[in-house]
Structures are given as C-alpha cells and as structure tokens.
Amino acid sequence: MAPAFRFRADIDSLPAYVPGQRPPAGRSAYKLSSNENPFPPSSAVLSAVIDAAADLNRYPDMAATALTAAIAGHVGVDAERVVVGNGSVAVLETVLQAACRPGDEVVHAWRSFEAYPIAVQVAGARSVPVPLREDGSHDLSAMADAVTDRTRVVLVCTPNNPTGTVVREDEMRAFLARVPREVLVVVDEAYVEYVHDGAAADGLALAAEFKNVLVLRTFSKAYGLAGLRVGYAVARPRLARGLRTASTPFGVNALAQAAALAALREADAVAERCERVVAERSRVLAALREMGWTVPESHGNFYWLGIGRHSASFAREAAGTGAMVRAFDGEGVRVSIGEVEGNDLVLRLAGEWLALQRSRAL
C-alpha cells in the first residue's frame, strides 16, 4: 500500500499562533488580550458595509483600485507603490514567500510579533531571532551583526509587539547603512498611529529614500477593522509589482474594501480616538510606575509587564477579575488599553500582585 499523503515534515514543528483569550460565554468581561480598538465602528463604516453586502454575489475588485488610491493619497505616495492584502500578516506572508528560497534566513527581534517565526518557516526560510535589549527595545546593532550572505529579509517591528518600544530614526539609519542593499528590510508599523515620539523612525520616509525598505500597515488597530482584515504594504514600484503578482487573487473581500474606504474618510475621528487611547495609556503607565512597576515606554495601544514565570498565573488571576490579558508564558504579560473599567481592573490586580511579591520577599 502506498504511504498516505503528508505535508512537509517541518509543518508539524510550527509554533502555534496563540490568539488573545476571549471572555467566557455568557459572562461580562473586558477583552484586553488582542490589542483591538475598544471603540465600535462608526455609523458611516457600518453603512458602507451594509451597502456593499448587496453585491456579495459578485467578486470584489481584485486590484482594490479605489482603496489603493485612497491609501496612496492618505500616506502621500503614488498608487503604484501600494499593495493591499488580507491583513498585514497576509501581506507579510506574501513578501516572505516571494523573497525567500529554502535555506534563506530572516532576521528579526525576539520577543516580537509571534506570527514572524511561523510565516518565516512556512515560506521555507529559517528564523534568526535576536534578543531584545533589557528595556524591551530592538538591538539593531546585534541584528545587523546577525545578517549573513544567507539573509534575505530583516523584520523590524516598531512599535514592537508586545513590548511597545519604538526604533529611533538615528538607530534605523545607522542600521540601514550596515544592511546590504540586496537584503529587504520590512518595517512593521501596525501601531504607528499611536506613536507620539518625535524621534521615532518614519517608515514611509525611509521607504522613499531606501530601495530595500518596505513598510507594513494595517486597518485592524487604529481604524478598528480587526474583524474585516485589511492591511497594506508601501514599497518601491518594482517591489510592489512583484507583491501584486504573488498575492492571492481577490485577497481583500468587498466588505473589507468598503469599510476601509469609509474609515479613511473619517481621518479626524480616527485621530481623536487614537488620542483617547494614548491619554488612557499615559494614565495607566503612570499609575503602574507609581506603584513601583518597571514598564517599558509603550508607543502602542498596549503595555508589557515582564514578570517571567508568573505570567500565566497573573493572566488567570486577571481573568478571574473579568479582564482577559495575553500571557507569554515564562516571559511576560501584554495588556491592551481598553475601556477604563477594564484597565482599572488590571491596575487593581497589578497593585495587589506587587504588594504580595514584596511581602514574600521580606
């Protein structure tokens, strides 16, 4: 008898992507585990989705022409430099599959976005993780040292998920000066709308200047469209053409295109909501530091508690209070900025937890 079909042997060894924990059915709780926007879609976005639903028997515009043009206008580039996909993760997967051959290497910080090693391995390449600095930031010097003649792509997540730190402009330029031009540098800016640091690297400006820089952005966070999956890349026209060729046909559904277009028309409302999240982030971080916590300076809509082996138990205790947070077992806990009431539940637990640890140390 012929052996049964099997996928590639390395597929079984893929690390599992762990989604943010959901509240238990029938129970009121605050979901602070997935870095979602706490605000619901606007009436204009909902109306656009309802209108688009009338044509669900038709395929969407495969090129997402109107949305691509609107994004290009929003970020100030030509439309030929924009590629839209089914969330920025799907765009990243296409980048890696188009760029990498078996045995190639992809350098990235760690801990960083947990989808990176999965996407790299599926593309047939090998992850080269480089530890973060003690403050949770990218060690770009060490990442440059890790680049070899087998490196095809470097991933830079800024703000970094899950620590929230940003890469500074001067650091990034020094890094790009060391990276060979034939190595693609992907700057993942999923949380860029929450950045208020004037010294932070500007991915779009770098992509305009350096031919080997590609920027990823998303509508899932600041725009509140996580349930519809729209992301995009901004790159040189030659790279963008290659990405379009390699992309899944009709990769962005009609409802998602309509919602993203409507959201782009509400730039002022989006910015106002981001400001509210940033203000709440500042309040929460200040409260944690006043308690005695050492917390990285977050520039995303989340923060990081580096509590190591206590992470899983902290998350269980948080769930018991009605707040769902994301534990990275053995490393730390990432907490999204959500509704004030949910944020306060975690603050109360953080204060009690720290007091207990201090009492045990006496």
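Here we summarise the structure given alongside this text. (Residues numbered from 1 in each chain as written. Predicted model: local features only at pLDDT ≥ 70, side-chain atom pairs only at ≥ 80, totals over all residues. Heavy atoms only, no water.)

Moving on, we get to the overall build of the protein. When helices and strands are tallied, the protein shows 12 helices and 12 strands. For 362 residues, the compact-globule formula gives about 21 Å, and the C-alpha radius of gyration of the protein, at 21 Å, lands near that figure. Overall, the protein is about 60 × 60 × 50 Å in size when its C-alpha atoms are taken along their principal axes. Buried positions account for 51% of the 362 residues belonging to the protein. Intrachain contacts of the protein at a sequence separation of at least 6 include 72% that bridge at least 24 residues. Surface summary for the protein: the accessible area is close to 17,000 Å², and the carbon and sulfur share equals 54%. (Helix = DSSP H or I, 4+ residues; strand = E, 2+ residues; numbered from the N terminus. Rg over C-alpha atoms; globule rule 2.2 N^0.38 Å. Buried < 20%, exposed > 50% of the residue type's maximum accessible area, 1.4 Å probe, protein only. Contact = heavy atoms within 4.5 Å. Areas by Shrake-Rupley, 256 points an atom, 1.4 Å probe, with all protein chains shown as cover.)

With that out of the way, let us pick up the nonpolar core. Ranked by size, the top nonpolar core spans 89 residues in total, and within it Leu67, Met172, Phe175, Phe219, Leu288 and Tyr303 carry the most contacts. It is helix H9 (residues 254–264) that contributes the most residues to this core, 9 residues altogether. Each of domain 1 (26–40 + 267–361) and domain 2 (43–265) accounts for three or more of the residues forming this core. Setting aside anything within four residues of it in sequence, one finds Leu67 in contact with Val84, Phe219, Val230, Gln257, Ala260, Leu261 and Leu264. Counting 26 residues, the second largest nonpolar core, distinct from the first, contains Ala115, Ala123, Leu216 and Leu243. (Core = buried A, V, L, I, M, F, W, Y, C linked by side-chain atoms within 4.5 Å. Domains from an automatic or database assignment.)

Considering the arrangement of structural elements, one finds Arg101 in the loop between helix H3 (88–99) and strand E3 (105–110). In this structure, the C-alpha to C-alpha distance between Arg101 and Arg152, residues 51 residues apart in sequence, is 8.8 Å. Contacts of Arg101, omitting those with residues within four sequence positions, involve Gly124, Ala125 and Arg152.

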